[in-house]
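Topology and contacts: notes
Single-letter residue listing:
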Amino acid sequence: MTDQPTGVQKLNIIKAINAGLRRSMEHDAKVLVMGEDVGKLGGVFRVTDGLQKDFGEDRVIDTPLAESGIIGTAVGLALRGYRPVCEIQFDGFVYPGYDQIVNQVAKMHFRSGGRLRLPMVIRIPYGGSIGAVEHHSESPEAYFAHTPGLKVVTCSNPLDAYWMIQQAIRLDDPVVFFEPKRRYYEKAEVDMDARDGILPLESARVALPGTDATVAAYGPMVKTCLDAAAAAADDGRSLEVIDLRTLSPLDLRAVYDSVRRTGRLVVVHEAQRTLGVGAEVAARVTEECFYSLEAPVQRVTGYDTPYPPARVEEEYLPDLDRVLDAVDRTFAF
Amino acid sequence: MTVETAAGATPPEPELVQLLTPEGLRVPNEHYDALIADITGDDVRAMYRDLVLGRRVDGEAVALQRQGELGLWASLLGQEAAQVGSARALRAQDHVFPTYREHAVAFCRGVDPVKLLALFRGVDQGSWDAAETNFHLYTIVIGAQTLHATGYAMGIQRDGAIGTGDPDRDAAVIAYFGDGATSQGDVNEAFIWASVTNAPVVFFCQNNQWAISEPLERQTRVPLYRRAAGFGFPGVRVDGNDVLACLAVTREALQRARDGEGPTLVEAFTYRMGAHTTTDDPTRYRLNAELEHWKLKDPIERVKAFMVRGDLADQAFFDGVEAEAEELAVHLRAACRALPDPTPTSIFDHVYVEPTPDLVAQRESMTTYLDSFAEEVAR
Ligand SMILES: Cc1ncc(C[n+]2csc(CCOP(=O)(O)OP(=O)(O)O)c2C)c(N)n1
């Protein structure tokens, strides 16, 4: 029916998610894609490119310009047995739909005593460094991770993007799926067939093994941390990089295990610092690994300011140097 | 089942207020003629200048974006008459709540176009002073400003600044938004608020037919101006490419508001000639024929034809405006390139009225961090 790629393909994240959506739609006729401009245009980032052509306007739905409407009608469709995959065009535009997500989507299963299920996915391109105007570069993940009833995941590379979107669609709980827009165009090899060796959706991954200090990150910051690890290796320091992948539930087993070996942890994210995901990771690692820690857990994050104008965003965003600086701090104790 | 488009269900072309045909012929209108009876040749020439300079600001900004000087630009091409006509209906004490495309309205309100460029360059997020021009900040979250406009109008009402009969005192608010925005909850809530409070606000919808890639049929099955009836206030559809008609219709709506008669929905029926923004590719979703059709309705050409026909201007006038536009463009290019980047620590300014201890500490740590590079270089 469609030209589904097979074998090992070199894809960027956009193409990988597109292929994942395609595969899910072929596999299950109940899967719907809905959002603003997802049809003919293929979404403003072209993540849904070609899907309407192949699956029709019934399954790839250009919605009215109304986020509460998108999420709210998806709730109804999910209750009716469909599996809607909603696209929110940009991070900063999720808020008109926030009430539906937090009050309705997250609680339906609980309120119904487990009788109702909402198998829906809310895709949100997020994060900065693309030189955009305001509301187009935000990292709102903590709001959602703070809400019980939602699963919150984020991919950092094409392989995960391809598999995680399919896993998210198959899940019977609602998933908020964050896509790192600054990494959208980075390519890597994706095994389109081999299900074996694919991690469960809700698990962290060791992105790079190392021995001297642990760096935990997710989404767009994983690559920054891998770059930092490469630079550190040149200086003879071995960093272990962990890609958290899932923010709710947080899978910290790999982090605990790593910190017990390295004794040092730096947590990195673009979102504001205070009460962010990094705070939770630091608290939990302190609880679990206190006697293994050689230094306090360090955070490298955005500052506690609104996301700044594009011409200063690189100063706001954590970069390789700030990560290395924090690693240095953990060795200073 | 297929999700059918509304094309088949579209009712016959509804009433459209038009005072100038696309060929520049003056269409008499019993009701609206009176609303522009005071307009002189000078006024028409002034509006022509607004249209041309507004278009030039826009064209220059698109060029600057292509040269990498702006991160993004949302072009107003095709919508000049809707913006100039409505803006010239405003009095000094009236307030404007725009979206992100109202560059010609900003121009008419005296906002320095360089400040618009600064926003799209990523230097700041709106550096003009709304208190100076009564032109509020651009709003990117679709529809949000319609509620702000309504609330502001409720404030004017409370302050007793309507219905006094004093033309220098009675004030109104105008909220700009697009056809896509009419689907947002906020816009519908603004309609309800304005209606039940009888707030002095004019909802000015520039129906440019497209919300990025989605045609009007994705947002509505009834002509937008008719929505107003359901909320309990008048709605009117005006030819958005006819500056005189936009002026007349908006004048009437604003006056109703100032007189204490409540809100009006104006639907300016127009067309977005360019891309949605400089990152958009309209060839993916719309046909060239549509564009060609609307080219014939160009808002500037029709005023020009009207002026030539009525001997309202000679070639020297048109050349003069052209020269002024060229001069403005040269100024914008230089001024845009000269805009300094903000200093890194400026991101900590104005997060709160008084900085918090946490932010002071974060600013210090950024400064120390940045200074560490300077030291390294020095070493
Ligand atoms: C709440 C929200 N959702 C999505 C967007 C992304 N977006 C920006 S402009 C636009 C289309 C707006 O169409 P319309 O209201 O018709 O105004 P136009 O741009 O055509 O003037 C969309 C979907 C946004 N800015 N805000």
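Residues numbered from 1 in each chain as written. Chains lettered and ligands numbered in written order. Predicted model: local features only at pLDDT ≥ 70, side-chain atom pairs only at ≥ 80, totals over all residues. Heavy atoms only, no water.

**With respect to the overall build of chain B**
Across its full length, chain B carries 13 helices and 7 strands. What you see for chain B is a C-alpha radius of gyration of 22 Å, in line with the 21 Å of a compact globule of 379 residues. Reported as C-alpha extents along the three principal axes, the dimensions of chain B are approximately 80 × 60 × 50 Å. Counting over 379 residues, chain B shows a buried share of 54%. Sequence separation of 24 or more characterises 75% of the internal contacts of chain B that already satisfy a separation of 6 or more. When the accessible surface of chain B is split by element, carbon and sulfur atoms take 54% of a total near 16100 Å². Here chain B carries 34 positive and 56 negative side-chain charges, and the mean point of each set is 4 Å from the other. (Helix = DSSP H or I, 4+ residues; strand = E, 2+ residues; numbered from the N terminus. Rg over C-alpha atoms; globule rule 2.2 N^0.38 Å. Buried < 20%, exposed > 50% of the residue type's maximum accessible area, 1.4 Å probe, protein only. Contact = heavy atoms within 4.5 Å. Areas by Shrake-Rupley, 256 points an atom, 1.4 Å probe, with all protein chains shown as cover. Lys, Arg positive; Asp, Glu negative; His and termini not counted. Charge placed at Lys NZ, Arg CZ, Asp CG, Glu CD.)

**Structural notes on the UniProt feature "domain: Dehydrogenase E1 component" (unreviewed entry) in chain B**
Cross-referencing UniProt, the feature "domain: Dehydrogenase E1 component" (unreviewed entry) maps to residues 52–327 of chain B in the present numbering. Helix and strand shares over residues 52–327 of chain B are 46% and 11% respectively, and the end C-alpha atoms of the span are 12 Å apart. (UniProt positions renumbered as here; feature names shortened; annotations may be inferred.)

**Comments concerning the domain arrangement of chain B**
By the assigned domains, chain B splits into domain 1 (20–338) and domain 2 (346–378). The gap between the C-alpha centroids of domain 1 of chain B and domain 2 of chain B is 41 Å. (Domains from an automatic or database assignment.)

**Description of the interface of chain B and chain A**
Contacts between the two partners involve 45 residues from chain B, matched on the other side by 43 residues from chain A. Considering only the surface of chain B that becomes buried against chain A, Gln125, Arg284 and Tyr369 of chain B emerge as the three largest contributors, covering 19% of it. The interface formed by chain B and chain A includes 2 salt bridges. Put simply, arginine 311 of chain A and aspartate 341 of chain B hold a salt bridge, and the shortest N to O gap is 3.3 Å. For the interface between chain B and chain A, the tally reads 15 residue pairs in polar contact (both at pLDDT 80 or more). Those elements that place two or more of their residues in the side of chain B that touches chain A are α4 (113–121) and α13 (357–378) of chain B. Tallying contributions element by element places α13 of chain B first for the side of chain B that touches chain A, with 7 residues. (Buried area = accessible area lost by both parts, 1.4 Å probe. Salt bridge = Lys/Arg side-chain N within 4 Å of Asp/Glu carboxyl O. Polar contact = N/O pair within 3.5 Å; in protein donor to acceptor, adjacent residues only side chain to side chain.)

**Section: the sheet that holds strand β10 (residues 213–217) of chain A**
Residues and elements named next belong to chain A. Taken together, the 5 strands give an open sheet; going across it, the order is β9-β11-β10-β13-β14, and neighbouring strands pair in mixed fashion. Two strands bound the open sheet, and with one partner strand each, they are β9 (205–208) and β14 (298–302). Across the sheet, the axes of successive neighbouring strands diverge by a mean angle of 25 degrees, strand direction being ignored. In terms of strand pairing, β9 meets strand β11 (residues 239–243) through 3 bridges, oriented antiparallel. The partner of arginine 205 across the bridge, within β11, is aspartate 243. (Pairing = 2+ DSSP bridges. Axes fitted to C-alpha atoms, helices over the stretch in contact; angles between N-to-C directions.)

**Comments concerning the site of the ligand**
Surrounding the ligand, one finds 21 residues, the nearest of these being Glu67 of chain A together with Tyr100, Arg101, Ile140 and Gly180 of chain B. The site occupied by the ligand is bordered by residues of chains A and B. Between the ligand and glutamine 89 of chain A there is a distance of 3.4 Å, counted from a nitrogen atom to a side-chain nitrogen or oxygen. Here an oxygen atom of the ligand and a backbone polar atom of glycine 180 of chain B are 2.7 Å apart. If the ligand stood free it would expose 580 Å²; the protein chains cover 95% of that surface. (Near = heavy atom within 4 Å.)

**Structural notes on the packing of aromatic side chains**
Within the structure shown, the criterion is met by 35 aromatic pairs over all chains. Geometrically, the ring pair formed by phenylalanine 120 of chain B and tyrosine 138 of chain B is edge-to-face, given 6.4 Å between the ring centres and 65 degrees between the ring planes. With phenylalanine 120 of chain B in helix α4 and tyrosine 138 of chain B in the loop between α5 (130–133) and α6 (144–158), this pair connects stretches of sequence that are 18 residues apart. Taken as a pair, phenylalanine 120 of chain B and tyrosine 138 of chain B share a single burial class, namely buried. Between phenylalanine 317 of chain B and phenylalanine 318 of chain B, the aromatic rings sit 5.5 Å apart at their centres with planes inclined by 70 degrees, giving edge-to-face as the arrangement. Given a relative accessible area of 4%, phenylalanine 318 of chain B falls into the buried group. Taken together, the ring pairs in this structure connect Tyr95, Tyr98, Tyr126, Tyr143, Phe144 and Phe178 of chain A into an aromatic cluster. One residue, lysine 304 of chain B, lies across the ring of phenylalanine 318 of chain B, its end atom 4.9 Å from the ring centre. (Phe/Tyr/Trp six-rings, centres within 6.5 Å; stacked < 30°, edge-to-face > 60°. Lys NZ or Arg CZ within 6 Å of the ring centre and 35° of its normal.)

**Examining the UniProt feature "domain: Transketolase-like pyrimidine-binding" (unreviewed entry) in chain A**
UniProt's feature table lists "domain: Transketolase-like pyrimidine-binding" (unreviewed entry) at residues 11–186 of chain A, given in the numbering used throughout. The distance separating the terminal C-alpha atoms of residues 11–186 of chain A is 8 Å; by composition the span is 36% helix and 18% strand.

**Focus: the nonpolar core**
By size, the foremost hydrophobic cluster in this structure holds 114 residues, and its most contacted members are Ile17, Leu21 and Phe177 of chain A together with Tyr138 of chain B. At 10 residues, helix α9 (residues 243–258) of chain B tops the list of elements feeding residues into this core. (Core = buried A, V, L, I, M, F, W, Y, C linked by side-chain atoms within 4.5 Å.)

**Some details on the packing of helix α8 (residues 221–234) of chain A against helix α12 (residues 320–331) of chain A**
Residue and element names in this part refer to chain A. Relative to each other, α8 and α12 sit at 60 degrees, their axes nearing to 9 Å. As summarised for this structure, α8 and α12 are arranged oblique, according to the angle between their axes. The interaxial crossing formed by α8 with α12 has right-handed handedness. Of the residues in α12, those in contact with Thr224, Cys225, Asp227, Ala228, Ala231 and Ala232 of α8 are Leu320, Val323 and Leu324. Within the contact of α8 with α12, the residues separate by chemical class into 7 nonpolar, 1 polar and 1 charged. (Parallel < 35°, antiparallel > 145°, perpendicular 65-115°, else oblique. Left-handed = near helix turned anticlockwise from the far one by under 90°. Nonpolar A, V, L, I, M, F, W, Y, C, P; charged D, E, K, R; others polar.)

**Some words on a negative patch on the surface**
On the surface, a cluster of negative charge is made up of Asp321 of chain A together with Asp371, Glu375 and Glu376 of chain B. Among the elements that line the negative patch, the one with the most residues is α13 of chain B, at 3 residues. Among the structural elements, aspartate 321 of chain A can be located in helix α12. (Patch = residues over 30% accessible without salt bridge, like charges linked within 9 Å, V, L, I, M, F, W, Y side chains within 5 Å.)

**Things to note about the sheet that holds strand β3 (residues 201–207) of chain B**
All names here are of chain B. Reading across the sheet, the 5 strands line up as β1-β2-β3-β7-β6 and stay open at both edges, with parallel pairing between neighbours. Whereas interior strands pair on both sides, the edge strands pair on one side only; in this sheet they are β1 (95–97) and β6 (235–239). Direction aside, neighbouring strands of the sheet carry axes that sit 20 degrees apart on average. Here β3 runs beside strand β7 (residues 264–269); their pairing, made up of 6 bridges, is parallel. Residue pairing across strands places glutamine 206 opposite alanine 268, the latter belonging to β7. Across the face of the sheet, α9 comes into contact with β2 (173–178), β3, β6 and β7 while running at roughly 155 degrees to β6.

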